[in-house]
Amino acid sequence: GAKSVNIQQGELLRSALLKRGISPHNGKSRLINCKGLGTCGTCAVEIYDNKAQSIGADSYTPAVVPTERTTKEKLRLNFPPHGSEDQSPSLRLACQVQVEGDITVKKRTGFWGQDTDGKLADEYDAELWFGELEFILDDKSPKGRGGIN
């Protein structure tokens, strides 16, 4: 089901979700993932800017940065099992995106969240087997308030 969470401006999406008990990973990929390096692709999610359509271009602030896929994202999301012709252009790696505004996140089925059949993945609770080490590669999220930094 749908869940709404408050995320501190500038937090990496992967870190923000994990700190709030929500996994950006499906099933066993909650344990078997790159912990934020941007190399495994298991945190791939579709990200939609909730305000992009309602604000004039001159006052628009992007809801995520970077606004376009990073080099890591381009490489990983064009490599199997990602990279199909029907892959959503909104697919991003949660470990590479900082949240700056109001977004909707959708996770698809499949170990990597790669399925394009329109089905949403089951919701998985965050499992922080490595404690604070889950966030060791996050050098972008604000420190202090709102998490385990």
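In this text the structure is predicted, and so the values were computed from the model without any measurement.

Basis of the calculations
Residues numbered from 1 in each chain as written. Predicted model: local features only at pLDDT ≥ 70, side-chain atom pairs only at ≥ 80, totals over all residues. Heavy atoms only, no water. Pairing = 2+ DSSP bridges. Helix = DSSP H or I, 4+ residues; strand = E, 2+ residues; numbered from the N terminus. Core = buried A, V, L, I, M, F, W, Y, C linked by side-chain atoms within 4.5 Å. Buried < 20%, exposed > 50% of the residue type's maximum accessible area, 1.4 Å probe, protein only. Contact = heavy atoms within 4.5 Å. pLDDT = per-residue confidence, 0-100. Axes fitted to C-alpha atoms, helices over the stretch in contact; angles between N-to-C directions. Phe/Tyr/Trp six-rings, centres within 6.5 Å; stacked < 30°, edge-to-face > 60°. Lys NZ or Arg CZ within 6 Å of the ring centre and 35° of its normal. Polar contact = N/O pair within 3.5 Å; in protein donor to acceptor, adjacent residues only side chain to side chain.

## Section: the pairing of strand S1 (residues 44-49)
Strand residues, when the strand is regular, have side chains that alternate between the two faces of the sheet.
Here is step 1: Examined bridge by bridge, S1 and strand S3 (residues 91-93) share 3 bridges and lie antiparallel to one another. Bridging across to S3, Val 45 finds its partner in Arg 92.
Here is step 2: Pairing geometry for S1 and strand S5 (residues 103-106), over 4 bridges, is antiparallel. Opposite Glu 46, over in S5, you have Lys 106 as the bridge partner.

## With respect to the nonpolar core
Across soluble globular proteins, nonpolar side chains have a tendency to be buried as a group.
Here is step 1: One finds Leu 13, Ile 47, Leu 93 and Ile 103 to be the most contacted residues of the largest nonpolar core, which totals 17 residues.
Here is step 2: Secondary-structure elements contributing two or more residues to this core are helix H1 (13-19), S1 and S3.
Here is step 3: The element contributing the most residues to this core is S1, with 3 residues.
Here is step 4: The contacts of Ile 103, once residues within four sequence positions are left out, are Leu 13, Ile 47, Tyr 48, Asp 49, Asn 50, Ala 63 and Val 64.

## Examining the confidence of the model for the protein
Here is step 1: Looking at the protein, pLDDT values average 88 and 89% of them are 70 or higher.
Here is step 2: This model gives residues 145-149 a pLDDT under 50, and the stretch forms 15 contacts once residues within four places in sequence are excluded.

## Some thoughts on the sheet that holds S1
Here is step 1: Ordered by their spatial adjacency, 3 strands build an open sheet running S3-S1-S5, and the pairing between neighbours is antiparallel. Every other strand in the sheet has two partners, leaving S3 and S5 as the edge strands with one partner each. On average, adjacent strands in this sheet sit at an angle of 45° to one another, irrespective of strand direction.

## Considerations on the environment of Pro 142
Here is step 1: Take Pro 142: it is sitting in the segment after S5.
Here is step 2: Residues Pro 142 and Gln 9, spaced 133 residues apart in sequence, show a C-alpha to C-alpha distance of 8.0 Å.

## Looking at the packing of aromatic side chains
Here is step 1: The tally for this structure, following the rule as stated, stands at 1 aromatic pair.
Here is step 2: Taking the centre distance of 4.8 Å and the plane angle of 70° together, the rings of Phe 111 and Trp 112 count as edge-to-face.
Here is step 3: Among the residues examined, Phe 111 registers a relative accessible area of 30% and is labelled partly exposed.
Here is step 4: Classification of Trp 112 by relative accessible area gives partly exposed; the value is 27%.
Here is step 5: A cation over a ring is seen here: Lys 19 above Phe 135, with NZ or CZ 5.1 Å from the ring centre.

## What to know about the side chain of Asn 33
Here is step 1: Residue placement: Asn 33 occurs in the loop between H1 and S1.
Here is step 2: Judged by relative accessible area, Asn 33 falls into the buried class, the value being 13%.
Here is step 3: A polar contact of 2.8 Å, which involves the side chain of Asn 33, links it to the backbone oxygen of Ser 29.
Here is step 4: From its side chain, Asn 33 meets the backbone nitrogen of Lys 35 in a polar contact 2.8 Å long.
Here is step 5: When residues no more than four places from it in sequence are discounted, the contact partners of Asn 33 are Arg 14, His 25, Cys 40 and Thr 42.

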